[in-house]
Amino acid sequence: MRQWEKMALPYLFTVLCVCTVVALCDGFDTKSETVGLVRLDYGTACLEEEARSESDVRAKVVSRLRALGLPFSIEAAPCGANYGPRHSHVAVVNIHESEDAWRKWGILQEELGSDVAQLGQSAGHLAWKKWAELRKRKDPSTVQVGESFQNKQKPRSGESTTCFSPNVTFTYHDNNELEAYLLQVVNMYPDITRMYTIGQSVNKRDIWAFQISKNPDMNEPEPRAKLVANIHGDEVVGRECMIHLIDYFTSQYGLDPSVTNIIDNCDLYILPCVNPDGFDSGTRENAHGVNLNRDFPDRIEDTDNTFTGRQPETVAIMNFTMNQRFTIGGSFHGGDLVANYPYDGNSEGASVYTASPDDEFYILAASTYAQTHPTMSQSIEFPGGITNGADWYVIYGGLQDWSYVWEEVMEITFEISYDKWPDEKTLEGYWDANCPAIMAYLNLALQKGVWGFITDSTTGFPVIAEVHVQNISTSVHSDTAGFYQKLLAPNDYQVFVSATGYYPSESYKITIPENQQQLLELNISLTPAPPTISSSTSSFLLPTPFLLSFVPFFAVLLTLF
């Protein structure tokens, strides 16, 4: 080795060590991620006297942060940065990532109560965008998508805790804003959310499905629910309720036990708008002038369960539903106030009660929604706030009948506003009225009925089978994991299972009690049946008198060899 190389080695080693230490420190930098933001509130205006009081509140915040061992930094918010009708923000305290930061952050929120709140608590996603832009102008490197809502938020003192939706304003959101919001939420809560485009409208607008689940990438043995809105472009209250439902479920997961229970035990898909072109034009139909809720296969008038001749929006919903295993569903409409359940049509075309085989459960499900809603059950036109579809008026090609007949989804249509496109000032009231009812409806999938696994009694492997309930002519099928679920109203039932290649199971008596709060588990093993030989095959394979006559001849040949 040459002399200069020997002299350079210690310096190279020193540089390498320094770089390694810097890299390690950077990797463990407690300021690498903002996990929470504290907003200091001083009323509705940025006044000098309010600003002067800032030091007292800030001192309290800083003192507690230091006591809890949470690393932080403080930055002033512009005086004009108003994030909601009730708040102006004088300063923001950035809570940085550190050991046990989430638990400590919760302690801080509990201790300081109404003195501090997380940035954007009453602001909505538009306010978040505004704040992000202000910060980008100051230092573009400091803003990451969704950083303002990295942590969960609790209601402020005095605000409703029933269905707390902190990040969305009660205004109408156009299709671009809807898509931007869904993307934002996925970035805010990547552990429990996914979004998918299930197809496009006539005008090439994406139709989005938003998934919320404890394990969104796993096909777990649990109920799966779908909620659909805005199938009629001019019926928009359901669309906004779905946006707020997404916000409520994601922001309150882990904080609100009722939300956490649903997300932990149910795979939920929300489709806020399946007719984006109709929304853009303010029309009931899609861009081809077709009423999408008359475009599905129908048990009476159109029994061809294919995509042929159907609108792209219809095909998108059909294909999406066919590729899932939904247990329960809801479609949100406007124009009346009632929970409407199958069947929607009959062969006579008459407005008469046309019960489905699952009529007993449908009455329970519709009544659950209507009675949880503050006014729906008080209807004069519809006793109890519910109606059989055909008894109200006959339609063919509707989503709920198709979902039920072909895809085994227990689906109901919810008419949730007399006014199809009401003043946006009323949206908060609609949300408050429908959120508890939606929660009660979804809980049916976790509480009412029977579930379990169908397996091979010899191998223990799952079996795709058909689950029958005596006196209910419709059946449900187990999936590739052998999992099945059947929603049932309180009563006594006989359940048995059949599958190709297996003997039918025995009949099991089950009881669904009136106060059932948990699904009844019933696992069933099927005994394989021996393969059968068809008559055409047996006539070829089995010996005949003609063939038997050659036996002595072949026996002689064998002795010669």
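For the structure, check the block above.
Thresholds applied
- Each residue is numbered by its place in its chain's sequence as written, counting from 1.
- For a predicted model such as this one, the threshold for reporting local features is a pLDDT of at least 70, and the threshold for listing and counting side-chain atom pairs is 80 or more; totals across whole chains, interfaces and linings nevertheless cover every residue.
- Water and hydrogen atoms play no part in the side-chain values, which are based on all heavy atoms of the structure.
- Note on ring pairs: Phe, Tyr and Trp rings are taken, using the six-membered ring of Trp, and paired if centres are within 6.5 Å. Classes follow the plane angle, with under 30 degrees stacked, over 60 edge-to-face and the rest tilted.
- For a lysine, the NZ atom is tested; for an arginine, the CZ atom; a charge sits over a ring if that atom is within 6 Å of the ring centre and within 35 degrees of the ring normal.
- Buried, partly exposed and exposed residues are distinguished by accessible area as a fraction of the type maximum, computed with a 1.4 Å probe on protein chains only: under 20%, between the cut-offs, and over 50%, respectively.
- Per the convention used, a helix needs a DSSP run of H or I reaching at least four residues, while a strand needs a run of E reaching at least two, with both numbered from the N terminus.
- Pairing between two strands requires that DSSP report at least two bridges joining them.
- Angles here are taken between N-to-C directions and fall from 0 to 180 degrees, while the axes themselves are lines fitted to C-alpha atoms, restricted in helices to the stretch in contact.
- Here, residues are in contact when the closest pair of their heavy atoms is within 4.5 Å.
- Disulfides are defined as cysteine sulfur pairs within 2.5 Å.

## Looking at the packing of aromatic side chains
Going through the model one piece at a time under the given rule, you end up with 21 aromatic pairs. Members of the aromatic cluster, connected to one another through ring pairs, are Y341, Y343, Y353, Y362 and Y404. Positioned over the ring face of F279 is R239, at 3.5 Å from the centre of the ring. Sitting over the face of the ring of Y343, R299 holds its NZ or CZ atom 3.5 Å from the ring centroid.

## Some words on helix α13 (residues 399-407)
The element α13 is extensively covered by neighbouring structure, given that seven of its nine residues are classed as buried. Taken together, the buried positions of α13 are occupied by L399, Q400, D401, W402, S403, Y404 and E407. Where α13 terminates, the next one or two residues include E408, which has phi positive at roughly 60°.

## So, the sheet that holds strand β9 (residues 267-271)
With mixed pairing, eight strands are arranged side by side in an open sheet as β6-β7-β9-β8-β10-β13-β11-β12. Bordering the open sheet on either side are β6 (193-200) and β12 (386-388), each of which pairs with just one other strand. Each strand axis lies, on average, 20° off the axis of its neighbour in the sheet, ignoring direction. Two strands pair when backbone bridges link them, and strand β8 (residues 224-229) and strand β10 (residues 328-333) are joined in this way by five bridges, in the parallel orientation. Bridge pairing links L227 to G330 in β10. Of the strands in this sheet, β6 and β7 (206-212) touch helix α6 (residues 175-188), which is tilted by about 145° from β6. Along the sheet face, helix α7 (residues 237-252) touches β6, β7, β8, β9, β10 and β13 (410-417) and points at about 140° away from the line of β8.

## Overview of the state of the cysteines
Within this structure, the stated rule accounts for one disulfide. C163 shares a disulfide with C435; S-S distance 1.9 Å. Taking the torsion about the S-S bond as the criterion, the C163 to C435 disulfide, at about -85°, is left-handed. In this pair, C163 sits in the loop between α5 (125-138) and α6 while C435 sits in helix α14 (residues 427-447), placing the two residues 272 residues apart along the sequence. A relative accessible area of 8% places C163 in the buried class. Residue C435 is classed as buried on the basis of its relative accessible area of 0%.

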